[in-house]
Structures are given as C-alpha cells and as structure tokens.
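Single-letter residue listing:
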Amino acid sequence: MFVQHKQLKFLNVSASRISRLNTSAYGIQLALPGHVPQMAAAYLVAVAGGSKVLVVVGLHLADSDTSVFFVPQSGEVPVEDAERVFEEGFVFAESMGFVLNETDYHLMSTQDQQNLWASMPISRRSGETSAFAETSAASSINSEDLETYRQRSLESLGRFLSSM
C-alpha cells in the first residue's frame, strides 16, 4: 500500500540513482486533499541505494506547480522485492486514472539520463526552473533528440500493448 509522504516536496537525488522511470502526460484532473482540483502528471520512480530500492509515485500538480509524493508503507525494500513494489506503484498510479509510459531510462546515455531527470518537475522545488530548461539552445533538446525520444516512447508503448 502506498501512503502520502507529506514531508517530501521534491526528489533531490542524482540521475545516477534512478534505476527506473515511468511517466504520464498531463491530462488527468485530480482533487487531492489540501489542493484545488487541477491537471496532474504522474511519475513512477525507482531510486536505488545500495541493496535497497525506494519506489516513489510522484504527482506533479500543474496549476500550483507542486509535487505530492507517495511511497510504500514499508519504505525501502530489498532489491529482490523492487519489481513487485514497482508493479504495485504502477497499479496505484493507474487506479487514479494515469497511463504510465516506460521511458527506457536504463537504455539512455548518462548525459541523456541527467538531462531527462533535470527536466522532471518532481526533481526540483516548486517554482524552481530546472537548470536544464535554463541552458542555451546548444545544450537543449533539439528536434533530432525529440524524434529519438518519441521513437523510443512509441517502441515502449508497442511492447506494453503487445504484452496485454
């Protein structure tokens, strides 16, 4: 069971500690206690730390630019239990109406992982612009990178749909 982690406001972890990352697009209207109803996106993240993994479901609320996090009631789990707990997080996010997509984070180069993680709103404080978003055009995602990411996403979606 996932419970809200009320003290957690953003995931301040390095991109190298992220072992899995699934994301949704904005499009689900949520009404969470303490927040006005608004569009939200969901992020399912596995954060590795030694022999333990913490699975986190992060919801980013668009209008208020805030994140709300849910973690397993048991907290970190041994690596051998991580897949099961990650699946529970997937079901938890889907139960709210989100459709999560695999990002193939583990297949990306270190630089692409850092860029993607820096662009995630759950990885920074509310109202803080990512360093990635502030970089010059030379280091921002160009159309070729977007096309590569789009193709990778379509392939992941295809694998997901074929597994059903």
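This structure is a prediction, so every number in the text was calculated from the model and none was measured.

Some thoughts on unusual backbone geometry
In step 1: Positive phi values are uncommon outside glycine, yet Asp 65 reaches one of about 50°.
In step 2: Note that Asp 65 resides in the loop between strand S5 (52-61) and strand S6 (66-72).
In step 3: Residue Asp 65 is classed as partly exposed on the basis of its relative accessible area, which comes to 28%.
In step 4: In the Ramachandran plot, Asp 104 falls in the positive-phi region, its phi being about 55° despite a non-glycine side chain.
In step 5: Within the secondary structure layout, Asp 104 lies in the loop between strand S8 (101-102) and helix H2 (110-119).
In step 6: We classify Asp 104 as buried; its relative accessible area is 3%.

Comments concerning the pattern of salt bridges
If the charged atoms of two oppositely charged side chains come close together, the side chains can form a pair.
In step 1: Counted by the stated rule, this structure contains three salt bridges.
In step 2: The residue Arg 20 makes a salt bridge to Glu 102 at a minimum N-O spacing of 3.8 Å. Of this pair, Arg 20 sits in strand S2 (residues 18-23) while Glu 102 sits in strand S8; the two residues are 82 residues apart in sequence, bridging distant segments of the chain.
In step 3: Beyond isolated ion pairs, a larger network of salt bridges with shared partners links Arg 20, Glu 83 and Glu 102.

Overview of helix H1 (residues 79-95)
In step 1: For H1, spanning 17 residues, the distance from its first C-alpha to its last is 25 Å, which sits close to the expected 24 Å at 1.5 Å a residue.
In step 2: Considered for burial, the residues of H1 that qualify are Ala 82, Val 85, Phe 86, Gly 89, Phe 90 and Ala 93. Looking straight down H1, one finds that the buried residues subtend no more than 155° of arc, so they occupy a single side. Exposed side chains of H1 directed beyond 90 degrees from the buried face belong to Glu 80 and Ser 95.
In step 3: Positive backbone phi, at 105°, marks Gly 97, one or two positions downstream of H1.

Procedures and definitions
Residues numbered from 1 in each chain as written. Predicted model: local features only at pLDDT ≥ 70, side-chain atom pairs only at ≥ 80, totals over all residues. Heavy atoms only, no water. Helix = DSSP H or I, 4+ residues; strand = E, 2+ residues; numbered from the N terminus. Buried < 20%, exposed > 50% of the residue type's maximum accessible area, 1.4 Å probe, protein only. Salt bridge = Lys/Arg side-chain N within 4 Å of Asp/Glu carboxyl O. Expected span 1.5 Å × (residues − 1). Arc of directions from axis to C-beta.

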